[in-house]
Amino acid sequence: MKYLSTRGGMPPKTFTEILLGGLATDGGLTIAEAYPRLTRDELAAWRGMSYAELAFEIVRRFADDIPAADLKDIVERTYTADIFHSADITPVKTLEPGLFILGLSNGPTLAFKDVAMQLLGNLFEYVLAKDNAEINILGATSGDTGSAAEYAMRGKRGIKVFMLSPVGKMSPFQTAQMYSLQDPNIFNIAVEGVFDDCQDIVKAVSNDLEFKAKYKIGAVNSINWARVTAQVVYYFKAYFAVTAGNDEEVSFSVPSGNFGNVCAGHIARQMGLPIKKLIVATNENDVLDEFFRTGVYRPRPQTQHTSSPSMDISKASNFERFVYDLVGRDPAVVNDLWKQVDAGGSFDLSQTPHFAKVKDFGFVSGESSHADRLATIRKVYEQYGAMIDTHTADGVKVGLEHREAGVPLVCLETALPAKFEETIREALGRAPERPAGLDNLEKLPQRFEVMRADAEAVKRYIVAHSV
Ligand SMILES: *Cc1c(COP(=O)(O)O)cnc(C)c1O
């Protein structure tokens, strides 16, 4: 399997060659030259598999330059009941016949990003050890991504993590989750500023190419191909869990921000999984909903802060991968479209034959507001006795709008309610339960460095503490 750039300007590379990188060298996103297509026999054989077995079968088709025995070992070490607190790894909960919640948030940081990030941590360590190489991961976070990355990379050989977060801007739970890590390879930098200041520092440091090369600066952001690949697995796992045979179709509703999660669903469908609809749910930041409704992709100058904060994006960084498929995998078209986006503009496919194909790819969408979130959390609690978080609520709200009789609907749970206590209290008048062992999280000693929003100061810090 070789990987290309959505903009056509990168020589073909292998999985491990693109594993540690961010954008392709021409500014595009890396993508598989073709999706592996499953036979009916393969799909039938996969039905009884455990999560780790399924992950091995799927990931090996994309990561075919990693020896099978090594990959098997990596996958088996990653997807354990010990780490994900469930033998199923991603258990399915039935709300009523035909309506399901796919539990993706039982990993160490209580959000779905753990499912892919835990694999990434082990893949990084494996590939770096082979070359006797090291990496300094630099990132910015407003909550979920940073903690998932830190819990995946903690204690890993050859890896140090420098994570910038805005001081005092995350919830006490999220802050404690990150800052209580005592592993010597994890560095929490609390920046005096907002998330955008953190993001700007990461950009400034990464744009200093000499510094970047000398200090081996890497990233684990949402465009990482291996993360998308790892997420393909749970669409298969859920499909098998809610169907009796491989002729049935299932729809999935996906709370979306950067389009990584639902992009994995798209890939599962292209591989031959019988998915009827992929339902893209957004919050008030509705750039994706607007595209799927109108054909206009119009990144916003500003992001709104909402009560489903992990979906607060103004530009969906993985979306280019889907558009590449939508326009018939023609990099010249993608180049043209993103020339407009990168210049701060938008594009409109409504009058092109490409937009008509959106429905062939199974995509529909919808938007959910703060009031919708509260109402959905209440409804699911009262009607089904299940507590869901704010992001999952966006998915359930939009999913139900597109539900069809006779087609099972699986709503992806992207975080546990314990992470978003304030809004749960607002909706239900009571606090969510915490998973065992986290009751005293906020009381644990914290380890972090407060710094001014100054890229040069961050560079000096990396130099002093790098691998
Ligand atoms: C990251 C995240 C999302 C959005 O996922 P994308 O892959 O960026 O679309 C949704 N919900 C939660 C809780 C998240 O952490």
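Scroll up for the structure.
What comes next concerns the included structure. Counting of residues starts from 1 at the beginning of each chain's written sequence and follows it residue by residue. Predicted model: local features are reported for residues with pLDDT of at least 70 only, side-chain atom pairs are reported and counted for 80 or more only, and whole-chain, interface and lining totals are derived from all residues. Only heavy atoms go into the side-chain values, all of them from the structure, while hydrogens and water stay out.

Helix numbers and strand numbers start at the N terminus; a helix is a DSSP run of H or I with at least 4 residues, a strand a run of E with at least 2. Counting its secondary structure elements, the chain contains 20 helices and 15 strands. The globule rule used here is 2.2 Å times the number of residues to the 0.38 power, and the radius of gyration it is set against is calculated over C-alpha atoms. A compact globule built from 467 residues should have a C-alpha radius of gyration of about 23 Å, and the chain, at 21 Å, falls within 12% of that. Counting only C-alpha atoms and orienting by the principal axes, one finds that the chain spans roughly 60 × 55 × 45 Å. Within the span of the chain, comprising 467 residues, buried residues form 59% of the whole. Contacts were defined at the residue level, with two residues in contact if any of their heavy atoms lie within 4.5 Å. Intrachain contacts of the chain at a sequence separation of at least 6 include 75% that bridge at least 24 residues. Note on areas: these come from Shrake-Rupley sampling with a 1.4 Å probe, and a residue is covered only by the protein chains present in the view. On the chain, roughly 18,300 Å² of surface is accessible, and the fraction owed to carbon and sulfur atoms is 50%. Positive and negative side-chain charges in the chain, numbering 50 and 60 respectively, have mean positions lying 1 Å apart. Throughout this description, buried means an accessible area under 20% of the type-specific maximum (1.4 Å probe, protein chains only), exposed means over 50%, and partly exposed covers the range between. The charge count includes Lys and Arg as positive and Asp and Glu as negative, but it does not include His or the ends of the chains. Taken as the charge centre is NZ of Lys, CZ of Arg, CG of Asp or CD of Glu, depending on the residue.

Here, a salt bridge means any Lys or Arg side-chain nitrogen found within 4 Å of an Asp or Glu carboxyl oxygen. On inspection of all chains with the given rule, the structure shows 30 salt bridges. Residue Lys459 pairs with Glu456 through a salt bridge whose shortest N-O separation is 3.3 Å. Of this pair, Lys459 and Glu456 both sit in helix H20 (residues 455-465), three residues apart, which is roughly one turn of the helix. When salt bridges that share partners are traced, they join Glu42, Glu57, Arg60 and Arg61 into one network.

Here we come to the packing of aromatic side chains. Pairing of aromatic rings covers Phe, Tyr and the six-membered ring of Trp, with a centre-to-centre limit of 6.5 Å; geometry is then stacked below 30 degrees between planes, edge-to-face above 60, and tilted otherwise. With the rule as written, the count across this model stands at 32 aromatic pairs. Ring centres 6.2 Å apart and planes at 15 degrees place the aromatic pair Phe259 and Phe292 in the stacked group. Here Phe292 lies in helix H13 (residues 287-294) and Phe259 lies in the loop between strand S9 (250-255) and helix H12 (260-270), a separation of 33 residues in the sequence. Judged on exposure class, the residue Phe259 and its partner Phe292 are both buried. What links up through ring pairs into an aromatic cluster is the set Phe259, Phe291, Phe292, Tyr297, Phe319, Phe322, Trp338, Phe347, Phe355, Phe361 and Phe363. Whether a charge lies above a ring is judged from NZ of Lys or CZ of Arg, which has to be within 6 Å of the ring centre and within 35 degrees of the ring normal. Lys459 extends its terminal NZ or CZ atom over the ring of Phe211, reaching a point 5.6 Å from the ring centre.

The next thing to look at is helix H15 (residues 331-342). Its twelve residues give H15 an end-to-end C-alpha distance of 15 Å, which sits within 8% of 16 Å, the value for a rise of 1.5 Å per residue. For H15, the set of buried residues is Val334, Leu337, Trp338 and Val341. Along H15, the residues classed as buried sweep out an arc of 90 degrees about the axis, all on the same side. Turning to H15, the residues buried within the fold contact strand S11 (296-297), helix H14 (319-326) and strand S12 (347-348). By the criterion applied in these results, polar contacts are pairs of N or O atoms within 3.5 Å in which, for protein atoms, one can donate a hydrogen and the other can accept it, and in which residues neighboring in sequence qualify only through two side-chain atoms. Two to three positions downstream of the cap, the backbone nitrogen of Ala332 sits 2.9 Å from a side-chain oxygen, assigning the N-cap of H15 to Asp330. By definition here, a helix of n residues has an expected span of 1.5 Å times n minus one. Working note: the arc is built from the helix axis to C-beta atom directions.

This paragraph deals with the pairing of strand S5 (residues 135-140). S5 sits mainly inside the fold: six of its six residues count as buried. Where burial is concerned, the two faces of S5 agree: the one with Ile135, Ile137 and Gly139 and the one with Asn136, Leu138 and Ala140 are both buried. In this analysis, strands are considered paired if DSSP registers two or more bridges between them. Here S5 pairs with strand S6 (residues 159-166) via six bridges, running parallel. In the strand pairing of S6, Gly139 is matched with Met163. Whether a crossover is right-handed depends on one test, that the path from the first strand over the helix to the second runs clockwise when the strands point away from the viewer. Since S5 and S6 lie parallel, the crossover through helix H7 (residues 144-153) that links them has a hand, and here it is right-handed. Taken together, the two bridges between S5 and strand S8 (residues 217-218) define a ladder with parallel strand orientation. Bridge pairing in S8 places Asn136 opposite Ile217.

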